[in-house]
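Each chain, letter by letter, is given below.
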Amino acid sequence: MLGYDLLSVNDRTVRTAPPESLDQLGHELARIICAVAEADEHETILFAKAKWDVKDGFWRLVCGEGAEYNFAYVMPQPPGEPIRIVIPTSLQMGWVESPGYFCAASETARDVADTYVRTPIGSLGSHKFLHLTQTGDYPTVEGSQRDLISFLKYYIGVFVDDFISLVIPRTQADLDHVASAILHGIHDVFPPNDSDDNEDPTSLKKLLKGEGAWAVVKEILGWVFDGDAKTIELAPAQAADRLNLLEECLTAARKGKAFPMAKFQKLVGKLRDTAIGIPAGLGLMSPLNAALSSEREYVYIGKKTPLFLCLSDWKFLIKVSIKEPTKCRELVAADNPGYCGIVDSSKHGVGGVVFGHRKSCHPHVFRFKWPKEVQEAFDKGHISISDLELAGLLLLWITMEGCIGPDNLKHEHVCLLSDNDPSVNWLERMSSKKSIVAGRILRILSIRMRHCRASPLTPLHIPGVHNRIADIPSRSFGYKKEWHFELDTDFLHFFNKLFPLPNQGCWQLFNLRPTITSRVISLLLQPHAQMHVWLRLPKLGESIGNTGRCMQNLFEHVLTLTRDEQAIQQKSMSLGVSQHGSAQDIMAEGNKSPWQQYVQLSRPLARRSQWTQDTTHSS
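A. Summary view of the sheet that holds strand β18 (residues 541–544). In space, the seven strands of this open sheet follow the order β16-β15-β12-β13-β14-β17-β18, with mixed pairing throughout. This sheet does not close on itself; its edge strands, each paired only once, are β16 (457–461) and β18. Neighbouring strand axes in the sheet, compared pairwise and without regard to direction, differ in orientation by 20 degrees on average. The sheet contact formed by strand β14 (residues 364–369) and strand β17 (residues 508–512) spans two bridges and is parallel. The partner of H364 across the bridge, within β17, is Q508.

Okay, here's the thing in structure tokens:
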């Protein structure tokens, strides 16, 4: 009508749909990965998955009486024909509230299904579609009597209208029980069509294709999971799509052509999603994020620029992940690391220690003096102390590779501690918004971790007054006369005397080779670093000093050793408070270790638990 501004139904909508239902969506894939990672790796088990789909999802939710007129629309028709107005009685695609209301219903169905699973095995009765879940490719499940008194381990999730279930079954009855629970749960919220199975809310068409059948290998949310190997990889179509986009972008760069920003944004979004299942992916995002900050219509990618190298790395990683699927354990942080390391960097040098916690190893200390060009770059403000601290964390990881060995780091969890907040935050996110140098270092650290097939790091902040054990090696090049040692043997003797290990154990010193330290120096000073240079490293270094014994469970002991009592006393006097207690007391809250706190925060939004601990026995 002339003279009136008509608002759309979305503009006039007052949002009342529960936001919590949509909050669940971004966590579903991460929950599944956690569930797979937490499954016992050493048992011979069948890890089954099944997928159900609610057909015509939004149309199965009926509008409130009188609200249907908000969705009225004119039916397209040839000129001259009578105007026909459609008044739908169900939720419509495109309405801003449809996803929230539908997800509230599907989440409710999931909760109902979970409640049904907790009932005794066999108590639910059969379901008309149950036989279609038994057609998958999986071994015969024959559990022993001992298995039958154990917990039924399962996980049920939902992503909009896709119901997903993971089970470690003891018998075929377990699979039938979980499948029946989900099918009944769906029908309790979305009523069945008893007269025509083709119109049932549980999509018969997709069930007949085998999408609801149990299988050891299953495609879920664009990823292929292997329940035997506990691995994840991009589905073939998804991998091909990303590789094609990457090649298109790289080809434009090689030809000196600009790439449309809209298409580049699409590529970056897909790579962000891909980083969920490729461990090194997050460490490659800093140059991409920086390029997105431009408001231009095109992005210019020069050859051999950090952005070009980043995109080339992504292409390489996706191809490698196709050949070598990722263990889910490589994607999930753990609350009980195998090994720990503490590091400190200063203008003059870098140093730290490596020791065993859950796993045993030879305790090591390392130190390295920054060359003159690095110190000058620091004085001129070209690199920051946080950049040096992050470079120290990279050297700490390389030291771990050298003294522990890549084979022992494979699928292992490692905790790294530093007293520099920015570097710890960068390590948590594996990206940097402002520091270009940090982005380069994170990229290389990701590549080295992927090369070792290590699990995610647990980066923690350690207060400076509790970091004396790393301060001394990093400042052993003239900072204090009593800490200054030209010879490594003299420094190692001093270090063992100052920080004695239990049971007459001793520290060794890991001497990094110049061919390694020069590469780290280049990261600090030069913009380019080829991936192949870091994938094929020469010998990392040598250990010097008495070999001693392999040791573990040293975390608390090392924290006790590393307290700077004089600094703590001065701080307590200035603050007028008592600073008693161990370093562990200061770092940990309550009864939780510091890494337990970190892991709790890093995990996806909880949905009760990944593997339910309620006992579900056979009847």
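B. Spotlight on helix α8 (residues 261–274). In this model, α8 (14 residues) spans 20 Å end to end at C-alpha, consistent with the 20 Å of a helix rising 1.5 Å per residue. Within the span of α8, buried status applies to M261, F264, L267, V268, L271 and T274. All buried residues of α8 lie within an arc of 130 degrees about the axis, which places them on one face of the element.

C. Main features of the sheet that holds strand β7 (residues 223–226). Here we have four strands laid out as an open sheet, ordered β6-β7-β8-β11, and antiparallel in their pairing. Only two strands of the sheet have a single partner each, and these edge strands are β6 (217–220) and β11 (326–327). With four bridges joining them, β6 and β7 adopt antiparallel strand pairing. By the bridge assignment, I220 is partnered in β7 with W223.

D. A look at the pattern of salt bridges. Tallying each qualifying case throughout the model produces 23 salt bridges. E247 is the salt-bridge partner of R254, the closest N and O atoms lying 3.1 Å from each other. According to the relative accessible area criterion, R254 is partly exposed, its value standing at 39%. According to the relative accessible area criterion, E247 is partly exposed, its value standing at 27%. When the shortest N-O distance is used, the salt bridge between E247 and K315 registers 2.3 Å. With E247 in helix α7 (residues 236–254) and K315 in helix α10 (residues 306–323), the pair connects residues that are 68 residues apart, well separated along the chain. A single network of salt bridges, built from pairs that share partners, joins E324, E330, R450 and R453.

E. Local environment of the pairing of strand β5 (residues 162–168). β5 sits mainly inside the fold: seven of its seven residues count as buried. Burial of the side chains of β5 extends over both faces: D162, I164, L166 and I168 are buried on one face and F163, S165 and V167 on the other. Bridge count between strand β4 (residues 153–159) and β5: seven bridges; the pairing is antiparallel. Looking at the pairing, K153 lines up with I168 of β5. As consecutive antiparallel partners, β4 and β5 are separated by two residues, and within that stretch V160 has a phi angle of approximately 60 degrees, a positive value.

F. A look at the packing of helix α15 (residues 436–452) against helix α18 (residues 514–525). It is the contact of α15 with α18, at a shortest axis distance of 8 Å, that shows an interaxial angle of 145 degrees. Along the contact surface, α15 presents V437, R440, I441 and I444, while α18 presents L523, L524 and L525. Considering only residue class, the contact of α15 with α18 consists of six nonpolar, no polar and one charged.

Analysis parameters
- Residues numbered from 1 in each chain as written.
- Predicted model: local features only at pLDDT ≥ 70, side-chain atom pairs only at ≥ 80, totals over all residues.
- Heavy atoms only, no water.
- Pairing = 2+ DSSP bridges.
- Helix = DSSP H or I, 4+ residues; strand = E, 2+ residues; numbered from the N terminus.
- Axes fitted to C-alpha atoms, helices over the stretch in contact; angles between N-to-C directions.
- Expected span 1.5 Å × (residues − 1).
- Buried < 20%, exposed > 50% of the residue type's maximum accessible area, 1.4 Å probe, protein only.
- Arc of directions from axis to C-beta.
- Salt bridge = Lys/Arg side-chain N within 4 Å of Asp/Glu carboxyl O.
- Contact = heavy atoms within 4.5 Å.
- Nonpolar A, V, L, I, M, F, W, Y, C, P; charged D, E, K, R; others polar.

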